[in-house]
Amino acid sequence: MKKILSLLLMLTLMLSASAVSVFAGDESHVHNWTEWTTEKESTCEEHGSEYRYCDVCEQYEHRELPLGPHDWSAWKTDEASTPYKKGAKSRYCIVCEKEEIKSVAKKKLTANQKKAVKAVETYLKAAKSYNVKKMDACFKKGSKNYGYPTEKINWIYKKYNKKIKWSMVDVKGKGSTITVKVKVTRPDFYKQAYNAYYETFDWAMDHLNASSSKLGNKILGKYNTKVKNCTKKTSTDTVAFTIVKSGKKWKIKAKTRTIVDIATAFLWKGSEDATDDFLDKFS
Ligand SMILES: [Zn+2]
Ligand SMILES: [Zn+2]
C-alpha cells in the first residue's frame, strides 16, 4: 500500500511538472503551447501576425505583430557638399514612400586645395587694384593670349575694379591640378566694348585706308566715352579657375578671356563678339 501511494505521488508530481494533461479535451487541462510561428510578416504599413496552438487540445491563438521597419532605398545625393556649403541626401521607403533627408557635412580642403584657393584670391586682389604686374605673375609662364591694357583705358579698371567682390563656391581635384570655382562680381562694360568695336569696324568700311593705329585709337576713344556715359553696371557669375603646380608655386594654368575679363570688364568678350557679328554680315 505504501508503495502504491508513493508511486501515485510521483506520477502526480511528474504530470504537473511537465504540465501535460493526460485528459485531452478536458477543459481543466493546462494548455501546452507551441512556440509562436509567424503567419504573415509585418511591413511598415501593415501588421503581420503569428500563431501558436496547444498540442493537446489543438486550440489556436493568433496575435498581431508590431509594424515592421521601413524598407529604405539607397541614399541619393540631392545636393553635393562643397568645402563652402553643406550638401543634402535623401532616401525613401519603397513601401510607404516616407522620405528621410539628411545634411552632408562640408568637405575639407586638402593642403594643395588651400594653396589653389590662395592663388585665386591673389589674382582677384590684384584685379581689384588693377595691378597688371601682380596679375601677370599669377599665371603659369608661357600663358599669353589675352593682355591687360596699360594705357588710355586702364583708368577705367583702376577706378571701377574696386567693385570686384567674390566668394568661393567649390574646389575640386587632387594632385597638381585643382579647379576652383568662385562667384565673382565685377564691372560689366561689355556693351560699351562691343559697340566701340562694332562702330569702328563700320567706320573703317568707309575709311579703308585708315591705319591700324588710327583704328585702335578710335576704338579706345569710343570706349572711353561710352564708359563715361554708362550706368556702371556690374555682373555676377561663377568662374572656374584651373590652378596648376608650377615649380614650387601654384599658378593659374591659362590666361583665358574669362579670367582676364574679370579685370577688364568684359573688354575681350565685347571685342570678340563685335568682330564675329561684324564678319557675319559679310558671310
Ligand atoms: Zn490545450
Ligand atoms: Zn515605410
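Everything quoted here is computed from the prediction, not taken from an experiment. Sequence order as written defines the numbering, with residues in each chain counted from 1. The naming scheme follows written order: chains are lettered A onward, ligands numbered 1 onward. With the structure being a predicted model, the display of local features is reserved for residues of pLDDT at least 70 and the display and counting of side-chain atom pairs for 80 or more, all residues being used for whole-chain, interface and lining totals.

So, the sheet that holds strand S2 (residues 49-53)
Pairing between strands is defined by DSSP: at least two bridges between the two strands are required. A helix here means a DSSP run of H or I that spans at least four residues, while a strand means a run of E at least two residues long, and both kinds are numbered starting from the N terminus. Taken together, the three strands give an open sheet; going across it, the order is S1-S2-S3, and neighbouring strands pair in antiparallel fashion. What marks the edges here is a single partner per strand, and that holds for strand S1 (37-40) and strand S3 (60-64). Geometrically, the sheet is characterised by an average inter-axis angle of 35° between neighbouring strands, direction not taken into account. Sheet analysis places S2 next to S3, joined by five bridges and oriented antiparallel. Each residue of the ladder has a partner; that of Tyr53, found in S3, is Tyr60. Fitting a line to C-alpha atoms yields each axis, with helices limited to the stretch in contact; the angle taken between N-to-C directions then spans 0 to 180 degrees.

Looking at the sheet that holds strand S5 (residues 87-92)
The strands that make up a sheet pair up through hydrogen bonds in the backbone, lying either parallel or antiparallel. Read across the sheet, three strands follow the order S4-S5-S6 without closing on themselves; strand pairing throughout is antiparallel. Across the chains shown, the open sheet's two edge strands, defined by having one partner strand only, are strand S4 (76-79) and strand S6 (99-104). In this sheet, adjacent strand axes meet at a mean angle of 30° when their direction is disregarded. Direction of pairing for S5 relative to S6: antiparallel, over a ladder of six bridges. Each residue of the ladder has a partner; that of Gly87, found in S6, is Val104.

Notes on the packing of helix H5 (residues 190-206) against helix H8 (residues 267-280)
When two helices pack together, you describe them by how their axes are tilted relative to each other and by the distance separating the axes. Where H5 contacts H8, the axes come no closer than 7 Å and their chain directions differ by 40°. Compared by their axis directions, H5 and H8 come out oblique. Considering the relative orientation of H5 and H8, their crossing is right-handed. Where H5 abuts H8, its residues Tyr190, Ala193, Tyr194, Tyr197, Tyr198 and Phe201 lie against Leu267, Lys269, Gly270, Ser271, Asp273, Ala274, Thr275, Asp277 and Phe278. Along the lines of polarity and charge, the residues of the contact of H5 with H8 split into nine nonpolar, three polar and three charged. The labels follow the angle: roughly parallel below 35 degrees, roughly antiparallel above 145, roughly perpendicular from 65 to 115, and oblique for the rest. Take the far helix as the reference: if the near one is turned anticlockwise from it by less than a right angle, the crossing is left-handed, and if turned clockwise, right-handed. We call two residues in contact when their backbone-placed C-beta atoms lie within 7 Å. Residues are grouped as follows: nonpolar covers Ala, Val, Leu, Ile, Met, Phe, Trp, Tyr, Cys and Pro; charged covers Asp, Glu, Lys and Arg; every other residue, Gly included, is treated as polar.

Brief notes about the packing of H5 against helix H6 (residues 212-228)
As a packed pair, H5 and H6 sit with axes 8 Å apart at the nearest point and diverge in direction by 140°. Between H5 and H6, the angle is such that the two are oblique. Handedness of the H5/H6 crossing: right-handed. The residues of H6 that touch H5, namely those facing Gln192, Ala193, Asn195, Ala196, Tyr197, Glu199, Thr200, Trp203 and Ala204, are Leu215, Lys218, Ile219, Lys222, Tyr223, Lys226 and Val227. Tallied by class, the residues present in the contact of H5 with H6 amount to nine nonpolar, three polar and four charged.

Comments concerning the nonpolar core
Put simply, a nonpolar core is a cluster of buried Ala, Val, Leu, Ile, Met, Phe, Trp, Tyr and Cys residues tied together by C-beta atoms within 7 Å. We call a residue exposed when 12 or fewer other C-beta atoms sit within 10 Å of its C-beta, buried when the count reaches 20 or more, and partly exposed for counts in between; the C-beta positions come from the backbone. In terms of nonpolar packing, the biggest core is built from 43 residues, with Ala116, Val120, Tyr123, Ala127, Val180, Ala193 and Ile243 touching the most fellow members. It is helix H2 (residues 111-128) that provides the largest number of residues to this core, a total of eight residues. Beyond its immediate sequence surroundings of up to four residues, Val120 is in contact with Val180, Val182, Phe241 and Ile243.

Examining the domain arrangement of the protein chain
According to the domain assignment, the protein chain contains domain 1 (63-108) and domain 2 (111-280). Taken over C-alpha atoms, the centre of domain 1 sits 43 Å from the centre of domain 2. The domain limits used here are those given by an automatic or database domain assignment.

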